[in-house]
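Single-letter residue listing:
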Amino acid sequence: MSHFLVFVKKELVEYVRTYKLLILLVVFIIFGIMNPLVAKLTPELLTSFMPEGMFVTIPEPTALDSWAQFFKNTQQMGLIVLLLVFSGVLGTELTKGTLINLLTKGLSRQAVVLAKYTAMVLVWTLSVVVSAMLTWIYTVYLFPDGPMGYLFVAIFCMWLFGVFLLALLLASATMVRGNYGGLLLTGLALVILMVVNIFPEAHTYNPLSLGAKNMSLVSGTVDPSSLYAAMVVSTLAICGLLFLSVLVFQKKEL
Amino acid sequence: MNVLEIADLHMSFRNNKVLRGLNMEIPENSVFGFVGRNGAGKTTTMKIVLGLLKAQCGFVKVCGEEVRYGATRTNRHIGYLPDVPEFYGYMKPMEYLRLCGEITGLSSALIKDRSRELLELVGLDGVNRKISGFSRGMKQRLGIAQALLNEPRLLICDEPTSALDPIGRRQILDILSAMRGKTTVVFSTHILSDVESICDRIAVLEQGELVLSGTLAEIQKQHRRNSYHIRFASDGEAEEFSQTEELKREGVELEREGCSLTISVSDVSVGAQELIDLLSRKSMAPERFEVLEPTLESLFTEVVQ
């Protein structure tokens, strides 16, 4: 078995035994179940909280509201939990020194970086798939109001943004020491992307756009082609960040 | 053949020069004690040998192959035991050794056999619990097992006994001693009694330079000073002998403590025979006459001060 596969297996075993996988799955399963329910119950909850004598017309909830909840929860709390769970992806091993034994056995540093990234992406993919499947099942059950526009493209864009964030986290973790240094650097990079997004010309290419048009895609008001440039830029950025991670880690003194 | 060759190695951390042109050769199948004070540069040297640190100048060869920083090719010849080996606490010893074996490229059957054999060697056979619950000594023994898994030609141990209790220390020394003739052991430490008990070659590192090297016998021979210890039956006899005219000259140092007299002589004309003749002429029969050999501790203190 190649070093890469051996280390991917080790990472996945670690996620299972240190409950990281469980935490993420529980969070995303809760989101998956809650998304359609919250959409369904929101009008009733709002009505019940209205002062007596006040009448407000709240539109009947639809499948769109359920998917709006899905994208909101996954892109906000979901990604925060994901980054927190993986914040020590490299820092913990470097601080504790657990990698030293394996590196002195001939494990290549490139395999370490790529395997860690692959394992994180696998867990993120599983979380998104589980949450999306549950949301879909409950949405179909509670809101049988016909097909969605570009739902799968919207989910793919959100997934790709998560994959980009994980590459950013890993690259940051190779550059700074400690568990939370990488997280801080990732946060800083995101702030820079937000600042860049002030310029309308940047929207087309900014990876942040991948998470900004989900509901427009689902409702069919935006064509997926408007996001192709952002998809290509994000994919190139992911490759670039991985290359940088390997390069920095190869030169890192341990 | 030399398993490890180090030539003109220089290394600095900021303005602190840790290694200043270190040269060292370690022959195959020896147990080599790498001695030095804390901060002398032992761990730095080992990390450079393992490709974990980059030297500013010089080269290191392991089994004839040059070590390249950041690359791990030469590490296939090496087993490494850090001073505080760290493991994945959620794994059990067999699982950890399997992971190491897979990285080394051993077959499943071989990993299983070697793991059992090594766990038995280090006294961890039958221990089937998570590593997180291991004591420091158990971790150190598991560290030796993982280091020996790939049957390395060079086993590097960085202060393996420094944090262990006397029993744990003895166990580790016995295991390392058992490696003699099977693999080359480089054993860094500042506990000199450990070196004396198991090493057949010694190098003393001080301020990034080798100040002493060779077998213990060679080093003792090179640094031998004629020192004798004579114990008399009474304090009076010791006092009387210390006043002997022949001993009152340059190059002879006397130190009396009760009925014992220590004589250090740099003048080669005064040897054991001369002292015995003197005793005979004065009709004195000491209870004990001993030629003092320099200890590693005394040599170490002498060269690092």
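Basis of the calculations
Residues numbered from 1 in each chain as written. Chains lettered and ligands numbered in written order. Predicted model: local features only at pLDDT ≥ 70, side-chain atom pairs only at ≥ 80, totals over all residues. Heavy atoms only, no water. Pairing = 2+ DSSP bridges. Helix = DSSP H or I, 4+ residues; strand = E, 2+ residues; numbered from the N terminus. Axes fitted to C-alpha atoms, helices over the stretch in contact; angles between N-to-C directions. Contact = heavy atoms within 4.5 Å. Core = buried A, V, L, I, M, F, W, Y, C linked by side-chain atoms within 4.5 Å. Buried < 20%, exposed > 50% of the residue type's maximum accessible area, 1.4 Å probe, protein only. Buried area = accessible area lost by both parts, 1.4 Å probe. Salt bridge = Lys/Arg side-chain N within 4 Å of Asp/Glu carboxyl O. Polar contact = N/O pair within 3.5 Å; in protein donor to acceptor, adjacent residues only side chain to side chain. Nonpolar A, V, L, I, M, F, W, Y, C, P; charged D, E, K, R; others polar. 1 Å grid on protein atoms, 1.4 Å probe; cavity = no way out; pocket = protein on both sides within 12 Å on 5 of 7 lines; lining within 4 Å. Points joined across faces, edges and corners; volume = space filled by probe spheres on them. Expected span 1.5 Å × (residues − 1).

### Quick look at the sheet that holds strand 7 (residues 154-158) of chain B
All names here are of chain B. Strands sit in the order 6-7-8-3-9-10 across an open sheet of six strands; the sheet is mixed. Each edge of the open sheet carries a strand with a single partner, namely strand 6 (78-81) and strand 10 (209-214). On average, each strand axis in the sheet is inclined to that of its neighbour by 15°, with strand direction left out of account. The pairing of strand 9 (residues 201-206) with strand 10 spans five bridges and is antiparallel. Bridge pairing in strand 10 places L205 opposite L210. Helix 4 (residues 136-148) rests against strand 6 and strand 7 of the sheet, and its axis sits at about 170° to strand 6.

### As for the nonpolar core
Grouped together as the largest cluster of nonpolar side chains are 148 residues, with contacts concentrated most on A:F86 and A:Y117. No other element matches the 17 residues that helix 7 (residues 151-175) of chain A contributes to this core. Residues within four places of A:F86 in sequence aside, it is in contact with A:Y15, A:L24, A:M120, A:V123, A:L166 and A:L169. The next biggest cluster of nonpolar side chains, apart from the first, holds 14 residues, and it includes B:L261, B:V265, B:L275 and B:L278.

### A closer look at the interface of chain A and chain B
You'll often see interface size given as the accessible area lost when the parts meet. Taken together, the contact between chain A and chain B spans 30 residues of the former and 29 residues of the latter. For the chain A and chain B pair, buried surface summed over both sides reaches about 2600 Å², with 54% attributable to carbon and sulfur atoms. Among the residues chain A hides against chain B, the three largest losses belong to A:N101, A:T104 and A:K105. Together they make up 28% of the total. The interface formed by chain A and chain B contains two salt bridges. Of the charged contacts in the structure, one is a salt bridge between B:E102 and A:K9, with a shortest N-O distance of 3.4 Å. Between the two partners, chain A and chain B, sit 12 residue pairs in polar contact (both at pLDDT 80 or more). When residues of the side of chain A that touches chain B are traced back to their parent elements, those giving at least two are helix 1 (3-17), helix 4 (91-96), helix 5 (98-103) and helix 10 (228-251) of chain A. A per-element tally of the side of chain A that touches chain B places helix 1 of chain A first, with eight residues. Residue composition of the side of chain A that touches chain B, by class: 10 nonpolar, nine polar and 11 charged.

### Here we look at empty space enclosed by the protein
Residue and element names in this part refer to chain B. In this structure the tally under the stated criterion is one cavity of 30 Å³ or more. The calculated volume of the largest cavity comes to roughly 50 Å³. Taken together, the elements giving at least two residues each to the lining of the largest cavity come down to strand 1 (2-13) and helix 1 (42-49). The element that contributes the greatest number of residues to the lining of the largest cavity is helix 1, accounting for three residues. Classifying every residue of the lining of the largest cavity by side-chain character gives eight nonpolar, one polar and no charged.

### A word on helix 8 (residues 181-196) of chain A
In a regular helix each residue adds 1.5 Å, so 16 residues correspond to 22 Å; helix 8 of chain A covers 23 Å between its end C-alpha atoms and thus fits that length. Looking at the buried side of helix 8 of chain A, the elements it contacts are helix 3 (63-85) and helix 7 of chain A.

### Some points on the sheet that holds strand 14 (residues 288-292) of chain B
Residue and element names in this part refer to chain B. In space, the four strands of this open sheet follow the order 12-13-11-14, with antiparallel pairing throughout. Edge strands, defined here as strands with exactly one partner in the open sheet, are strand 12 (252-257) and strand 14. Ignoring strand direction, the axes of neighbouring strands in this sheet form an average angle of 15°. Bridging between strand 11 (residues 226-231) and strand 14 involves five bridges; their strand directions are antiparallel. If you follow S227 over to strand 14, its bridge partner there is L292. Across the sheet, helix 8 (residues 235-242) is in contact with strand 11, strand 12 and strand 13 (260-265); its angle to strand 12 comes to roughly 165°. Contacts between helix 9 (residues 272-281) and the sheet are confined to strand 11, strand 13 and strand 14, with strand 14 contributing the most and set at about 160° to the helix.

### With respect to the pattern of salt bridges
Across all of its chains, the model carries 20 salt bridges over all chains by this definition. Put simply, B:E95 and A:R17 hold a salt bridge, and the shortest N to O gap is 2.8 Å. Of this pair, B:E95 sits in helix 2 (residues 93-104) while A:R17 sits in helix 1, which puts the two residues in different chains. Given a relative accessible area of 30%, A:R17 falls into the partly exposed group. Residue A:K116 is joined to A:E93 by a salt bridge in which the shortest nitrogen-to-oxygen separation is 2.8 Å. Taken together, the residues span a long stretch of sequence, with A:K116 in helix 6 (residues 109-142) and A:E93 in helix 4 at a distance of 23 residues. Each of the salt bridges in this network shares a partner with another, and the network as a whole consists of A:K10, A:E11, A:E14, A:E93 and A:K116.

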